[in-house]
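Chain by chain, the residues:
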Amino acid sequence: MADIDLLKVWERGKNLGHADTISVDLERATRGQSKSTLQWISIILWIELGLNVVLTPFIYVWFKSSGLSWHFWVFLGIVGIYLAYYIFLLRAIRRFDFAVSVRSGLKKVYRYLNFYLLHYKVVIWVLFPVSYTYGVISGLAEDGNPELSPRRWMTLIGVSVLFNGLFCLLFNWLINMIYGRKIKRLRGMVMELEAVE
């Protein structure tokens, strides 16, 4: 599907006087691609949802043994938001209607994938650095807030910035490699269809 130039196929069909047949073939091919993309996203969402549900009790035991009470409630609130997010996306994908026009169908798929990608961007660029910083501050507090020399502070800050930067760039590249191509392809298909219509 990625190798098909939708605009050329559409124009060729119009020139031959078979615009209706070409649009039906185009709709069938596009619908198949969109359906497989959504099914794949749905499988990934189910895996992530399952991992969150399975790992939450283990994290609760760890929090309980550490004596961190309010931290667990914050964590549980975040997990609750993520579970609601997963359920929302799974329902939206399940209710997706492939009987709609190709253009509006592709726009919906594009919006779902963009929203899904935004979730990873928030985790990578916001939640990870914040949780890392909180972990460093908590670790220093457990050690009784040791007096660090300016050189040690600079080393700690430098290592933290370097580690966070490399982690964020690596995972951002990975997520873009997995999802970015699909999103760009769908956006290109939507733009081609809108240009023709």
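This text goes with the structure placed above it.
All values derive from a computational prediction rather than experimental measurement.

## What about the overall build of the chain?
(1) Moving on: Regarding its fold elements, the chain presents five helices and zero strands.
(2) Moving on: Listing each helix as α and each strand as β along the chain from the N terminus yields α-α-α-α-α.
(3) Moving on: Of all 197 residues assigned to the chain, the portion counted as buried reaches 27%.
(4) Moving on: The long-range share in the chain, meaning contacts at least 24 apart out of those at least 6 apart in sequence, stands at 81%.
(5) Moving on: Of the roughly 13,100 Å² of accessible surface on the chain, a fraction of 67% belongs to carbon and sulfur atoms.

## Overview of the nonpolar core
(1) Moving on: Counting 26 residues, the largest nonpolar core has Ile-41, Leu-45, Tyr-116 and Tyr-179 as the members making the most contacts within it.
(2) Moving on: Those residues in contact with Tyr-116 that sit more than four places away from it in its chain are Ile-41, Ile-44, Leu-45, Glu-48, Tyr-85, Leu-89 and Tyr-179.

## Some thoughts on helix α3 (residues 69–94)
Within an α-helix, residues lying three or four positions from one another point in the same direction, as the helix has 3.6 residues per turn.
(1) Moving on: Under the 1.5 Å per step criterion, the end-to-end length of α3 is 37 Å for 26 residues, consistent within 8% with the ideal 38 Å.
(2) Moving on: Those residues of α3 lying buried are His-71, Phe-72, Val-79, Tyr-82, Tyr-85, Tyr-86, Leu-89, Leu-90, Ala-92 and Ile-93.

## A closer look at the packing of aromatic side chains
(1) Moving on: If you walk through the whole model with that rule in mind, you get nine aromatic pairs.
(2) Moving on: With 6.4 Å between their ring centres and 85° between their planes, Tyr-82 and Tyr-85 make a pair best called edge-to-face. Residue Tyr-82 and its partner Tyr-85 are located together in helix α3, separated by three residues, close to a single helical turn. Accessibility assignment for this pair places Tyr-82 and Tyr-85 in one class, buried.
(3) Moving on: Taken together, a centroid distance of 6.3 Å and an interplanar angle of 45° make the contact between Tyr-82 and Tyr-86 tilted. In this pair, Tyr-82 and Tyr-86 both sit in helix α3, four residues apart, roughly one turn of the helix.
(4) Moving on: Residue Tyr-86 is classed as buried on the basis of its relative accessible area of 4%.

Procedures and definitions
- Counting of residues starts from 1 at the beginning of each chain's written sequence and follows it residue by residue.
- Local features in this predicted model are restricted to residues of pLDDT 70 or higher, and side-chain atom pairs are both shown and tallied only at a pLDDT of 80 or more, whereas totals for entire chains, interfaces and linings draw on every residue.
- Side-chain numbers come from the whole structure's heavy atoms, not from hydrogens or water.
- Secondary structure elements are defined from DSSP: runs of H or I of at least 4 residues count as helices, runs of E of at least 2 residues count as strands, and each element is numbered from the N terminus.
- Partly exposed describes any residue whose relative accessible area lies between the buried limit of under 20% and the exposed limit of over 50%, with all areas from a 1.4 Å probe on protein chains only and scaled to the type maximum.
- Here, two residues are considered to be in contact whenever any of their heavy atoms come within 4.5 Å of each other.
- In these tables, accessible area is a Shrake-Rupley quantity obtained with a 1.4 Å probe, and a residue counts as shielded only by the protein chains included in the view.
- Buried residues of nine kinds, namely Ala, Val, Leu, Ile, Met, Phe, Trp, Tyr and Cys, make up a nonpolar core once their side-chain atoms join them within 4.5 Å.
- Between the first and last residue of a helix there are one fewer steps than residues, each counted as 1.5 Å, and that sum is the expected span.
- Ring geometry is summarised as follows: Phe, Tyr and Trp rings, the Trp one being its six-membered ring, pair when their centres sit within 6.5 Å, and such pairs are stacked at plane angles under 30 degrees, edge-to-face over 60 and tilted between the two.

On their own, these measurements won't tell you what the molecule is for.
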